[in-house]
Amino acid sequence: MALAGGRAPPPGGRKVTLQGPTQLSDAAAASCVRLSAAGWGYGLAIGSRGRCKLPVGHQLPAPAPCPVHSPSTSGDPTCGLRSPLPASAMPLNRTLSMSSLPGLDDWEDEFDLENTVLFEVAWEVANKVGGIYTVLQTKAKVTGDEWGDNYYLVGPYTEQGVRTQVELLEPPTPALKRTLDSMNSKGCKFLAQSEEKPHVVAHFHEWLAGIGLCLCRARRLPVATIFTTHATLLGRYLCAGAVDFYNNLENFNVDKEAGERQIYHRYCMERAAAHCTHVFTTVSQITAIEAQHLLKRKPDIVTPNGLNVKKFSAMHEFQNLHAQSKARIQEFVRGHFYGHLDFNLDKTLYFFIAGRYEFSNKGADVFLEALARLNYLLRVNGSEQTVVAFFIMPARTNNFNVETLKGQAVRKQLTVMKFGRKLYESLLVGSLPDMNKMLDKEDFTIMKRAIFATQRQSFPPVCTHNMLDDSSDPILTTIRRIGLFNSSADRVKVIFHPEFLSSTSPLLPVDYEEFVRGCHLGVFPSYYEPWGYTPAECTVMGIPSVSTNLSGFGCFMEEHIADPSAYGIYILDRRFRSLDDSCSQLTSFLYSFCQQSRRQRIIQRNRTERLSDLLDWKYLGRYYMSARHMALAKAFPEHFTYEPREADATQGYRYPRPASVPPSPSLSRHSSPHQSEDEEEPRDVPPDEDGERYDEDEEAAKDRRNIRAPEWPRRASCTSSTSGSKRGSVDTGPSSSLSTPSEPLSPASSLGEERN
């Protein structure tokens, strides 16, 4: 176990001790650590190794009274573990849901968090496995600013995580030292002691942490609980089995399906956690529908995932960073396609897909089929554009491909020929070089060898590594079927990089962020994507992307942007169209993007980058804030109250259509004349043939004037017992639709401000 929290508690503050009869199955070790600048901020962490188990004959202590249990069930310590629970056993309102950005109440009186502690429990705390790690890491600063010393993260203790994610420290206080000694010697039971009994909020992520939630409720601990499912376990397995998932959600026999896939025990843990918790949340509206059918409970609040926008924001330089990163990718392409570099790199577009290697769930099958159709369209229409499509998905490999390494070696050899040094020295002294003296016989020999080395009889490799399962690999098998072999006649080239990107790689020495900035379009036609961090990262870096209406990100953008494609967010319909129709629609998106001029792509990137504030934790963190306030009001109604407002049809927030002409080739004005062979042009493009000058700042100002946030009366909806008032329980509220406060989203806020 690893426990990470805020700054060290002040002298005289709450004392924390660990004691109890639990035993460790192997040697336990504990260390006090400070989370490093890898993204978790600064805080304290406690870790122990080994699996906990109760000794034989151990008796659980008598459960303390808990205000969240009804009188009819207060005598049953296991009522929280039944799935599904009878209505009388869980008298909590489950009808509150939220999907629109501006629906959370704008509180005039904030909760008093002085005597409240927040624990956030997940398997991916300082332990990178998937997207939940990104959620917790990027959200840590916002939550830490809100809760200060009273915020703790709890996760597994791993040696790799300790070495790379945290900084080891000695215990700064005697109380903490006693805590660590107690944990080492006696076990991992946690007890909090203070002069005033604190109100505890425990937020559990995914079924792996859900067992702790179930035990909290079974033992009637006075803890306000929140459970967030980022993707249902059964949903992942069903989608991986190539079933018509979303059209048959209400028809699945969930117990039978889970049993057939041998995940019934895990499914029961997840479902029990969803039913036991005070507040049940999920990350998107599409996943809320899924959870309602598979877990048999409607989420109380939808909590979209955000990003630390400052980390990805390049302020006014993101267009320049795109050009610089693209140049790095071009160097790799020059080496990879040596001997077949018969296309113009200045007229080459870079598309990519990245993520876990889930061939169908991540939409790699649809992307490949669309690329084959795009290749046909570009060839029959005589297009000069070339598309290089990257597949960044880790798979089983044993080494780099020899042909790929040779290509990079040939490229590097051509860039370091010594007659370049002679030219440099001649110009440095201020004289024009004498070509007769510049090249000698040795130089001619070297050039002939280089020309001979660049000749290649085979096509450039599709895969950069040697695959262990080459004959059965889904991507390579599909490429063989559709015939995209990187031949000279193909206008679409494919590069499969079965390894995560790294700046230390000998092939493509760039990290993921730099690679994304250098590409033109991210393509993520996922069939099962509860949220989708990859298109979100593209958005905050100003790179257009393709998503679907089956991904949380796509649904979120469809809801809050009047014309997503004008802002570089292409939403593919995979819910109401057949697979073939979806492939045709994606092909249309890709071909339309290829038809855009450089000026239109610059305009679109500027618009895309302006959406980054929409994904900032500064705003999306309010969803989590609302969930915690709701949980406190349900668990401690004597001290906290939460009164949700009724839904108002006039509430809502949407980015308008851009004030300027959309970037579609058929609708936009003629592109400006080329200034150079470089990809990028200055932001203030010269006047086009119609005499109109495009100015990004002016266009952004027009968009801001068109943005109107909804208006409704301000009201105090949350109070604590410290103010001396006590209101009714939260369960009295009717069904409503919640969303975020209006104040941060007003036209005067930074959401509409132009950062470029």
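Just above, that's the structure.
Residues numbered from 1 in each chain as written. Predicted model: local features only at pLDDT ≥ 70, side-chain atom pairs only at ≥ 80, totals over all residues. Heavy atoms only, no water.

Draft legend 1. Up close: the sheet that holds strand β17 (residues 386-392). Read from one edge of the open sheet, 6 strands run β20-β17-β16-β21-β22-β23, paired in parallel fashion. The strands lining the two open edges of the sheet, one partner per strand, are β20 (492-497) and β23 (569-572). Taken pair by pair, the neighbouring strands of this sheet meet at an average axis angle of 25°, ignoring direction. Judged from the 2 bridges that link them, strand β21 (residues 521-523) and strand β22 (residues 545-548) form a sheet pairing that is parallel. Along β22, the bridge assignment pairs V523 with V546. Across the sheet, helix α10 (residues 318-336) touches β16 (348-354), β17 and β20, and the angle it forms with β16 is around 95°. (Pairing = 2+ DSSP bridges. Helix = DSSP H or I, 4+ residues; strand = E, 2+ residues; numbered from the N terminus. Axes fitted to C-alpha atoms, helices over the stretch in contact; angles between N-to-C directions. Contact = heavy atoms within 4.5 Å.)

Draft legend 2. Examining helix α1 (residues 131-147) more closely. Here α1 spans 23 Å end to end across 17 residues, near enough to the 24 Å set by a 1.5 Å rise per residue. Its maximal kink placed at A140, α1 deviates by approximately 45°. Here α1 has its buried residues at I132, Y133, T134, V135, L136, Q137, T138, K139, A140, T143 and W147. Looking at the residues trailing α1, positive phi occurs at G148, about 60°. (Expected span 1.5 Å × (residues − 1). Bend = angle between axes of the 7 residues up to and from the residue. Buried < 20%, exposed > 50% of the residue type's maximum accessible area, 1.4 Å probe, protein only.)

Draft legend 3. Seen up close, the environment of V388. Positionally, V388 belongs in strand β17. C-alpha of V388 to C-alpha of V492: the two residues are 104 residues apart in sequence and 5.9 Å apart in space. Not counting residues within four places of it along the chain, the set of residues in contact with V388 comprises T348, L349, Y350, F351, K493 and I495.

Draft legend 4. Representation of the packing of helix α11 (residues 364-380) against helix α20 (residues 579-594). Closest axis-to-axis distance for the α11/α20 pair is 8 Å, and the angle between their directions is 50°. One finds that α11 runs oblique with respect to α20. As for how α11 packs across α20, the hand of that crossing is right-handed. For the pair α11 and α20, the contacting residues are V366, F367, E369, A370, L371, R373, L374, L377 and L378 in the first and L579, D580, C583, S584, L586, T587, L590, Y591 and C594 in the second. Here the contact of α11 with α20 is composed, by residue class, of 13 nonpolar, 2 polar and 3 charged. (Parallel < 35°, antiparallel > 145°, perpendicular 65-115°, else oblique. Left-handed = near helix turned anticlockwise from the far one by under 90°. Nonpolar A, V, L, I, M, F, W, Y, C, P; charged D, E, K, R; others polar.)

Draft legend 5. Inspection of the pattern of salt bridges at higher detail. Scanning the model with the defined rule gives 21 salt bridges in all. R373 is the salt-bridge partner of E369, the closest N and O atoms lying 3.3 Å from each other. Of the two residues, E369 and R373 both sit in helix α11, 4 residues apart, roughly one turn of that helix. The partner of D469 in a salt bridge is R396, with the nearest N and O atoms 3.4 Å apart. Here the residue D469 occupies a position in the loop between β19 (465-467) and α16 (474-482), and R396 occupies one in the loop between β17 and β18 (397-400), the gap between them amounting to 73 residues. Classification of D469 as partly exposed rests on a relative accessible area of 33%. Bridged by salt links that share partners, the residues E369, R373, R481 and D580 form one connected network. (Salt bridge = Lys/Arg side-chain N within 4 Å of Asp/Glu carboxyl O.)

Draft legend 6. Here's a closer look at the packing of aromatic side chains. Counted according to the given criterion, the structure contains 21 aromatic pairs. On the basis of an interplanar angle of 40° and a centroid distance of 6.4 Å, the ring pair of Y264 and Y267 is categorised as tilted. Placement of both Y264 and Y267 in helix α7 (residues 264-276) is noted, with a separation of 3 residues, approximately one turn of the helix. Classification of Y264 by relative accessible area gives partly exposed; the value is 37%. Residues F332 and F390 carry aromatic rings whose centres are separated by 6.3 Å and whose planes lie at 40° to one another, so their mutual orientation is tilted. You can see F332 sitting in helix α10 and its partner F390 sitting in strand β17, a full 58 residues away along the chain. The exposure class of F332 is buried, given its relative accessible area of 2%. Pairwise contacts between aromatic rings join F332, Y350, F352, F390, Y512, F515 and F524 into one cluster. (Phe/Tyr/Trp six-rings, centres within 6.5 Å; stacked < 30°, edge-to-face > 60°.)

Draft legend 7. Spatial organisation of the pairing of strand β12 (residues 199-205). Burial of β12 is extensive: 7 of the 7 residues sit out of reach of the surface. Summarising the sheet, β12 and strand β13 (residues 223-229) pair through 6 bridges and their orientation is parallel. The partner of A202 across the bridge, within β13, is T225. Traced from β12 through helix α4 (residues 206-218) to β13, the parallel crossover comes out right-handed. (Right-handed = clockwise from strand over helix to strand, strands pointing away.)

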